[in-house]
Each structure stands twice: as C-alpha cells, then as structure tokens.
Amino acid sequence: NEGPGSTDAIDSWDCVPNYDESGPEYVYVYTAAQNGQATVNLNIQIEELIEILLGPLDDLDLFILAASGGCNPSSCVAYGVNNGNDTVTWNVTAGSTWYIVVDGYQGDVSPYDLTLTLLP
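Residues numbered from 1 in each chain as written. Predicted model: local features only at pLDDT ≥ 70, side-chain atom pairs only at ≥ 80, totals over all residues. Heavy atoms only, no water.

Considering the overall build of the chain
Working step 1: Looking only at helices and strands, one finds 1 helix and 7 strands in the chain.
Working step 2: Overall, the chain shows an N-to-C arrangement of helices and strands of β-β-α-β-β-β-β-β.
Working step 3: Taking 14 Å as the expected radius of gyration for a compact globule of 120 residues, we find that the chain reaches 14 Å, a close match to that expectation.
Working step 4: In terms of overall dimensions, the chain has C-alpha extents of about 45 × 30 × 25 Å along its principal axes.
Working step 5: Considering the chain as a whole, with its 120 residues, one finds that 41% of them fall into the buried category.
Working step 6: A separation of at least 24 residues holds for 73% of the contacts in the chain among residues at least 6 apart in sequence. (Helix = DSSP H or I, 4+ residues; strand = E, 2+ residues; numbered from the N terminus. Rg over C-alpha atoms; globule rule 2.2 N^0.38 Å. Buried < 20%, exposed > 50% of the residue type's maximum accessible area, 1.4 Å probe, protein only. Contact = heavy atoms within 4.5 Å.)

Let's talk about the sheet that holds strand E6 (residues 97-104)
Working step 1: Read from one edge to the other, the open sheet built from 4 strands follows the order E1-E6-E3-E4, with strand pairing classed as antiparallel. Pairing within the sheet leaves two strands with one partner each, and these edge strands are strand E1 (25-31) and strand E4 (76-80). Within the sheet, the average angular offset between the axes of one strand and its neighbour, ignoring direction, is 20°.
Working step 2: Pairing between E1 and E6: 7 bridges, direction antiparallel. The residue of E6 that forms the bridge with Val27 is Val101. (Pairing = 2+ DSSP bridges. Axes fitted to C-alpha atoms, helices over the stretch in contact; angles between N-to-C directions.)

Description of the environment of Val81
Working step 1: Position of Val81 among the secondary structure elements: in the loop between E4 and strand E5 (86-92).
Working step 2: Counting along the chain gives 24 residues from Val81 to Tyr105, while the straight-line C-alpha distance between them is 8.4 Å.
Working step 3: With sequence-adjacent residues up to four places away left out, Val81 is seen in contact with Val16, Tyr19, Glu21, Asp61, Phe63 and Asp86.

Details of the sheet that holds strand E7 (residues 112-119)
Note on sheets: strands pair through backbone hydrogen bonds, and any given pair is parallel or antiparallel.
Working step 1: The strand order across the open sheet formed by 3 strands is E5-E2-E7, and the pairing between neighbours is antiparallel. For this open sheet the edge positions go to E5 and E7, each flanked by a neighbour on one side alone. Here the strands of the sheet are splayed against their neighbours by 15° on average, with no regard to which way each runs.
Working step 2: Sheet topology note: the strand E2 (residues 36-44)/E7 ladder contains 8 bridges and is antiparallel. Looking at E7, one finds that Ile44 is bridged to Tyr112.

These results come straight from atomic positions and should not be treated as a statement about function.
Okay, structure coming up:
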C-alpha cells in the first residue's frame, strides 16, 4: 500500500468512523461482468522472521466504494477492518463499477496479495 500509485489522502472512512486509517491507501477499479456476489480477499504477506511464528504484525484494511460516489469516504458500502487479513463480500450488478481500497491502519504499510472472485 505504499510506492508508485499509492496516496495518503484519506485517514477516516464514514463506514467506520473514528478509526485511524492514517497509512497510505491504494485503489483498484473493478467493473462487474455479471450480477452476483463479489468477494475480495486481502492477505498480508509475511515480511519478517518473527511473523512466521506470530502472523503479520502490520494491519491493512479493506474498503469497497461505489464508484458513482468517487473516492469519497462517504461512498463506502462494505469494509473489512480485522487485525490481519480481511475478506469482504457485497452484491454487484453487471456493469457496475467499484473502488477496492487497501488502507493502512495507524500508518501501517506492508506487501499484500489481493484476490477477487464473483459468485453469479
């Protein structure tokens, strides 16, 4: 969630008020090919030896925004703010566009894998 293409413009989302998302965010654009349930999985990658034993020490969070509302904190329709990996599922219609945002809790940054599946 850091490096080329990332921003650090949003520190709080309306769907989780007063939650410190002060780390950089990275935004992906998804347009649904058909009606169904979309699911995004965010898996934080292990960076340090100690994380092999304890799991990820960084905390990244996942937010789904309706693209019609832009990248606005009030456009949040679903979120995952677990400590560690997150999974978010929401309903989509064919042709609808969504922003998938990975943001760092309390300034955290980490490499991660992101997967998206659609159940028609």
